[in-house]
Amino acid sequence: VYGNQQQASVAVAGRIAALIRGKEAKGEKTVLGLATGVTPIGVYAELVRLHKEEGLSFKNVITFNLDEYYPMQAAAAQSYVTFMNENLFSHVDIDKSHVNIPDGTLSLDEVPAFCLEYEQKITALGGLDLQILGIGRTGHIGFNEPGSAPNSGTRLVTLDDLTRNDASRDFGGKSNVPTKAITMGVGTIFKAREIILMAWSLKKAPIVKKAVEGEISGEVPATYLQLSDHVEFVLDEAAASSLT
Ligand code: F6R
């Protein structure tokens, strides 16, 4: 638990930078699982600063984003492709061929094969070294909404009503928010060697309490994280304020 979200974001970015530099020193690539939303913005800002001011290179980094709305054009303002470019990729030296984001432009028929390939690509690279997560007020991680299975893989899902409400501002009204998304599964996330879930502000305190102290259940998918010994929650004081 950190005093504020800025301190916490700098600490998480520092962990990511140390991982990248450590692997680079061994001649290895780093495979990162990335999240979108407001939560990781400070982490990405600090990574950009580390790149510009302290020589952190992303040349040996391969990334897999958790999710994308479906359907979604890559160039749309609300796409996670646009989000990642604006917040990180356009400001660092990552090779664009190393960036993987679920494709919101596929036809329905093409989605299952794409999802399988996404999983296989991660596996072929030796798995995710680190997955960063936010948490939705439904308890979702990625877009694994209530009802998701612990062994679920990358797939097309239906977004929860509360998630669509929370996204409505970005889309200029709830009716414009897609009803579906492609997301890595709970099982995909679990296979990462290290998982860091971040949450800031009082708004997240109730769901953080459920995720950490509640009964493990598919009704709150983040509770599955209690079953892993390589998960860490990084919180600001407000998000941690309901924990006993
Ligand atoms: C984003 C994602 C979601 C968000 C969650 C929290 O890629 O997978 O699980 O992390 O909805 O969103 P924010 O950070 O906007 O509160």
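The name given to the chain in an unreviewed UniProt entry is Glucosamine-6-phosphate deaminase, with the source organism recorded as Mucilaginibacter gotjawali.

Helix and strand counts for the chain stand at seven helices and nine strands. Compactness check: the chain gives a C-alpha radius of gyration of 17 Å against a globular reference of 18 Å for 244 residues, within 12% of the reference. Considering only C-alpha atoms, the chain reaches an extent of 45 × 45 × 35 Å along its principal axes. A buried classification covers 41% of the 244 residues belonging to the chain. Restricting to contacts in the chain with at least 6 residues of sequence separation, those with at least 24 account for 78%.

Mapped onto this numbering, the UniProt entry gives "domain: Glucosamine/galactosamine-6-phosphate isomerase" (unreviewed entry) at residues 5-226. Secondary structure across residues 5-226 comprises 37% helix and 15% strand; the distance between its end C-alpha atoms is 23 Å.

Another point: the site of the ligand. In the region of the ligand, 14 residues are neighbours, and Thr-36, Gly-37, Thr-39, Gly-134 and Gly-136 sit closest. Among the residues making up the shell around the ligand, the classes are represented as six nonpolar, seven polar and one charged.

Another aspect to go through is unusual backbone geometry. With the exception of glycine, the majority of residues adopt a negative phi angle, and the majority of peptide bonds are in the trans configuration. A cis amide bond links Tyr-70 with the next residue in sequence, Pro-71, at an omega value of -10°. For Ser-201, which is not a glycine, the phi torsion comes out positive at approximately 85°. With respect to the helices and strands, Ser-201 occurs in the loop between β8 (195-199) and α7 (205-213).

The terminal C-alpha atoms of helix α1 (residues 5-25) lie 30 Å apart, and with 21 residues this matches the ideal 30 Å at 1.5 Å per residue to within 8%. Turning to α1, its buried residues are Gln-5, Ala-8, Ser-9, Val-12, Ala-13, Ile-16 and Ile-20. The arc enclosing the buried residues of α1, seen along the axis, measures out at 130°, which places them on a common side. Residues of α1 that are exposed and point over 90 degrees away from its buried face: Gln-7, Ala-18, Gly-22 and Ala-25. Of the surrounding elements, those touching the buried residues of α1 are β1 (30-34), α2 (41-54), β2 (61-65), β5 (130-133), β8 and β9 (231-235).

Pairing in this open sheet of six strands is parallel, and the strands run β4-β2-β1-β5-β8-β9 from one edge to the other. Two strands bound the open sheet, and with one partner strand each, they are β4 (99-100) and β9. As judged from the five bridges shared by β1 and β2, these two strands associate in the parallel manner. Looking across to β2, one finds that Thr-30 is bridged to Val-61.

Looking at the chain as a whole, the pLDDT averages 98, with 100% of positions reaching at least 70. Quick note on the complex model: pTM equals 0.98, ipTM equals 0.99.

With respect to the helices and strands, Ala-13 occurs in helix α1. Overall, the presence of 22 C-beta atoms within 10 Å leaves Ala-13 in the buried class. Look past the residues within four positions of Ala-13 in its chain and what remains in contact with it is Val-43, Glu-46, Leu-47 and Leu-50.

Moving on, we get to the nonpolar core. The biggest cluster of nonpolar side chains holds 65 residues, and the ones touching the most others in it are Val-12, Ile-132, Ile-135, Ile-196, Leu-197 and Met-198. Setting aside anything within four residues of it in sequence, one finds Met-198 in contact with Ala-8, Val-12, Thr-39, Pro-40, Ile-132, Gly-134 and Val-234.

Relative to each other, α1 and α2 sit at 55°, their axes nearing to 8 Å. It follows from the interaxial angle that α1 and α2 lie oblique. Crossing of α1 against α2: the hand is right-handed. Contacts between α1 and α2 pair Gln-5, Gln-6, Ser-9, Val-10, Val-12, Ala-13, Ile-16 and Ala-17 from the former with Gly-42, Val-43, Glu-46, Leu-47 and Leu-50 from the latter. Taken together, the residues that form the contact of α1 with α2 break down as eight nonpolar, four polar and one charged.

What counts and how
- Residues numbered from 1 in each chain as written.
- Predicted model: local features only at pLDDT ≥ 70, side-chain atom pairs only at ≥ 80, totals over all residues.
- Helix = DSSP H or I, 4+ residues; strand = E, 2+ residues; numbered from the N terminus.
- Rg over C-alpha atoms; globule rule 2.2 N^0.38 Å.
- Buried ≥ 20, exposed ≤ 12 C-beta atoms within 10 Å, placed from the backbone.
- Contact = placed C-beta atoms within 7 Å.
- UniProt positions renumbered as here; feature names shortened; annotations may be inferred.
- Near = placed C-beta within 6 Å.
- Nonpolar A, V, L, I, M, F, W, Y, C, P; charged D, E, K, R; others polar.
- Expected span 1.5 Å × (residues − 1).
- Arc of directions from axis to C-beta.
- Pairing = 2+ DSSP bridges.
- pLDDT = per-residue confidence, 0-100.
- Core = buried A, V, L, I, M, F, W, Y, C linked by C-beta atoms within 7 Å.
- Axes fitted to C-alpha atoms, helices over the stretch in contact; angles between N-to-C directions.
- Parallel < 35°, antiparallel > 145°, perpendicular 65-115°, else oblique.
- Left-handed = near helix turned anticlockwise from the far one by under 90°.

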